[in-house]
There are 2 protein chains.
Amino acid sequence: MERRIKVTFLGPVASFSHQAAVEFFGESAELLPRISFAHTLSAVQQNEADYAIIPCENSTNGAVVQTFDLLADPNNFYRDVKVCGAHYLTVHHCLLARRSVFTRPYDYGSVTKLYTHPQAWGQCESFLGADLKGIERQDVSSTSKAADIVSKDTERSAAIASRFSAGHYGLEVLKEHIEDKGDNITRFLVLRNSGSECTESGPLSDPINFRTPELSTSPVARKTLISFTVRQDTPGALADALLIFKSYGMNLTSINSRPSQKKNWQYVFFVECQGATLGEDDKAVAEILYRLQSVTEKCRHLGTWSE
Amino acid sequence: MERRIKVTFLGPVASFSHQAAVEFFGESAELLPRISFAHTLSAVQQNEADYAIIPCENSTNGAVVQTFDLLADPNNFYRDVKVCGAHYLTVHHCLLARRSVFTRPYDYGSVTKLYTHPQAWGQCESFLGADLKGIERQDVSSTSKAADIVSKDTERSAAIASRFSAGHYGLEVLKEHIEDKGDNITRFLVLRNSGSECTESGPLSDPINFRTPELSTSPVARKTLISFTVRQDTPGALADALLIFKSYGMNLTSINSRPSQKKNWQYVFFVECQGATLGEDDKAVAEILYRLQSVTEKCRHLGTWSE
């Protein structure tokens, strides 16, 4: 019997991370919700899970700083954890209620109470202002929690949450795509343990055959993530470090910086880059890492993957 | 009679921004609290205030992204607002109560309830765990709000807030420096309207004489902040842009990136830099801005100041 892939993510169940895990790994994977991003990385480091999937960036809100702070890893807790893939999840909000509480055409005015995460109110302002004006609102800790509460409620309440959570909690979708801005996308990173043999030859080592059929007809973009800290007493060191990427033909696709967690006003830089010539990344990355050692205090290859 | 300087900041009164404004501009300035960072920038753009002071970075938590999103200014709302100074505020927490409710030696065990901002509980864990274990905690929206509540309470309650807010609300400092980590520093930017004649020849144009006496005996470090967006279809453009800074002898002291608020996965980069040779920045900055135009979609000089 084939061994099921174990994937860990930030819960609760029916969260956006849960949805990303299902979209990326399929229904057959064993899904392990955890209470924090740190717990998902620990599970991979300890080989309790094969993969973790965590959000790193949202198209509207920018970097997920908690994720970068974990990847900075000042205490080497996650020394073997590497990025091996990425997944883009489009965030759609829906109005959900218990089945048969409301009948078509839906009379939104008879909703007695609305539940969702505070951020979602702002993202659905037009719809709420037009159709659900003045209805009592209750903040909860996540949109999936809102769906959970409504599924157990005895009132005519409704939740703003994903279609995915509707499926999970057996709720009816009264209206979908109620968000103001349709292109709110969260990018997730997929992580594995670089020492794990189970995932070494696993599906992610051959992305062409793994849930990304569209890639088989187009060149695969390979991305690399490298973190480094420059010495504070060396002016120009940051520019020197970035120049090294250029000299090996790697284009910078993004830069993030976070406090080093070691010294005030020292930063860990996260450079994501992509080779100008397909297929020549591995050698370039090795050379870049070698040369970065001379201009940085610490540097680390956080992974190379296809997306 | 001399005209009083008007300074705007994010309220409520007795907030950390208020404290930064008093520390930087002194008690004689007219201080104007506003309900959001955006309102403080608007006040400067509209010449309703001479200066705004807003936090841009914390030594532990990193960049204040709301501030960078305003400086990105995708709709040109704040086209004349420029950085003209910086101030570093050390965040110290104190245990505060109404005067004479507790008498020395303080019996912390008789405190009935504690109020503060959720973030402050975590920052004072050692003290709270040792001396105030098990006492009821109430989250409030800011540490200054906590001081406000305690000042009006009739119970034996206490707030965790700054010494500055104790002064404002007439509270007694039962214990100071109760934070676990003593070097939690927030950096503020001081902003002015570049078209304003009142501030052109004001104290900030001559930092040596303005509340920074220690600078008169040491060389003044001049920093420059420039924002730019690169074209998404031009690989290598980010490295090319950064190279320009280097070629004019400007060292990068920090880089931040935020979503452009125009297109998904396009970023505004914020480069802070400092000249290798004192006093030659102005010419270098002008040349850098000229050359950036050819490799960026948009670029903007956000200010040059002494710190």
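Residues numbered from 1 in each chain as written. Chains lettered and ligands numbered in written order. Predicted model: local features only at pLDDT ≥ 70, side-chain atom pairs only at ≥ 80, totals over all residues. Heavy atoms only, no water.

Chemist: Help me understand the pattern of salt bridges, please; the structure alone is not making it clear to me.
Modeler: Where side chains of opposite charge bring their charged atoms close, a pairing between them can arise. All names here are of chain A. With the rule as written, the count across this model stands at 29 salt bridges over all chains. For Glu 272, the salt bridge goes to Arg 187, with nearest N and O atoms at 3.0 Å. Pair noted here: Glu 272 is in strand 14 (residues 267–275) and Arg 187 is in strand 11 (residues 185–193), with a separation of 85 residues, a long-range link. Considered together, Glu 272 and Arg 187 belong to a single accessibility category, that of buried residues. (Salt bridge = Lys/Arg side-chain N within 4 Å of Asp/Glu carboxyl O. Helix = DSSP H or I, 4+ residues; strand = E, 2+ residues; numbered from the N terminus. Buried < 20%, exposed > 50% of the residue type's maximum accessible area, 1.4 Å probe, protein only.)

Chemist: What should I look at first to understand the relation of the copies chain A and chain B in this one?
Modeler: Each of the two chain copies goes to the other by way of a rotation about an axis and a shift along it. Overlaying chain A on chain B yields an RMSD of 0.1 Å, the required transformation being a rotation through 180 degrees with an accompanying axial translation of 0.0 Å. The transformation relating the two chain copies, once decomposed into turn and shift, fits a two-fold axis. Considering only C-alpha atoms, the part of chain A nearest the rotation axis is Asn256(A), at 3.2 Å. Most of the interface of chain A is mirrored in chain B, where 100% of its interface residues again form contacts. (Least-squares fit on C-alpha atoms with pLDDT ≥ 70 in both. Contact = heavy atoms within 4.5 Å.)

Chemist: Hey, could you run me through the packing of aromatic side chains in this one?
Modeler: Think of a pair of aromatic rings as described by two things: how far the centres are apart, and how the planes are tilted against each other in angle. All names here are of chain A. Here the structure, examined in full by the defined rule, presents 20 aromatic pairs over all chains. Note on Tyr 108 and Phe 127: the rings are 5.6 Å apart at their centroids and 85 degrees apart in plane angle, and the pair reads as edge-to-face. You can see Tyr 108 sitting in the loop between strand 6 (94–98) and strand 7 (113–116) and its partner Phe 127 sitting in helix 5 (residues 125–131), a full 19 residues away along the chain. Residue Tyr 108 is classed as buried on the basis of its relative accessible area of 14%. Relative to Phe 245, the ring of Phe 228 has its centre 6.5 Å away and its plane inclined at 35 degrees; by these criteria the two rings are tilted. One end of the pair, Phe 228, is in strand 12 (residues 222–230); the other, Phe 245, is in helix 9 (residues 237–247), with 17 residues separating them in the sequence. Neither Phe 228 nor Phe 245 differs from the other in exposure class; each is buried. Counting every residue linked through ring pairs, the aromatic cluster contains Phe 228, Phe 245, Tyr 267 and Phe 269. (Phe/Tyr/Trp six-rings, centres within 6.5 Å; stacked < 30°, edge-to-face > 60°.)

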